[in-house]
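Survey of secondary and tertiary structure
Each chain is listed here by its residues.
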Amino acid sequence: MARRVGSGWPMLDLMLATQKMWLDSADTILKRSMMMAAGSMSQAEAMRMVAEKPLAMAEASMRASMAAARGADATGIARAAMRPVASKARANSRRLK
């Protein structure tokens, strides 16, 4: 798979990635809310919904710390922290389709 090339403006790239994460998160929230309202959410999905957040935040914290230790700028640190959370949001959105 080809690697994506950024715009050359790190802050713009971060903003666009953040918007994509928000859209994936909103999509997941909508789908899960509909499942809860219909009474069709499985116990496994309910447990996943709760358990995934601390793991993603721990991974985000670790990646941000590693980026900071390597000397990344603020945008690089934020992007490193956001990657695992965005990845989980994207995976949930796709899985719940």
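See the structure printed just above.
Structure report, in brief. (Residues numbered from 1 in each chain as written. Predicted model: local features only at pLDDT ≥ 70, side-chain atom pairs only at ≥ 80, totals over all residues. Heavy atoms only, no water.)

With that settled, consider the nonpolar core. With 6 residues, the main nonpolar core is built from Leu14, Ala17, Met21, Met82, Ala86 and Ala89. Of all elements in the fold, only helix H1 (10-38) and helix H3 (74-95) reach the threshold of two or more residues within this core. (Core = buried A, V, L, I, M, F, W, Y, C linked by side-chain atoms within 4.5 Å. Buried < 20%, exposed > 50% of the residue type's maximum accessible area, 1.4 Å probe, protein only. Helix = DSSP H or I, 4+ residues; strand = E, 2+ residues; numbered from the N terminus.)

Of note, Ala72 is situated in the loop between helix H2 (43-69) and H3. Look at Ala72 and you get partly exposed, because its relative accessible area is 29%. When sequence neighbours within four positions are dropped, the list of residues in contact with Ala72 reads Ala67 and Ile77. (Contact = heavy atoms within 4.5 Å.)

Turning our attention to the pattern of salt bridges. Overall, the coordinates contain 8 salt bridges when judged by the stated rule. Between Asp24 and Lys20 there is a salt bridge, with the nearest N and O atoms lying 3.0 Å from each other. Of this pair, Asp24 and Lys20 both sit in helix H1, separated by 4 residues, roughly a single helical turn. We classify Lys20 as partly exposed; its relative accessible area is 42%. Note that Asp27 and Lys31 form a salt bridge whose closest N and O atoms lie 2.6 Å from each other. One end of the pair is Asp27 and the other is Lys31, both in helix H1 and 4 residues apart, which spans about a single turn. (Salt bridge = Lys/Arg side-chain N within 4 Å of Asp/Glu carboxyl O.)

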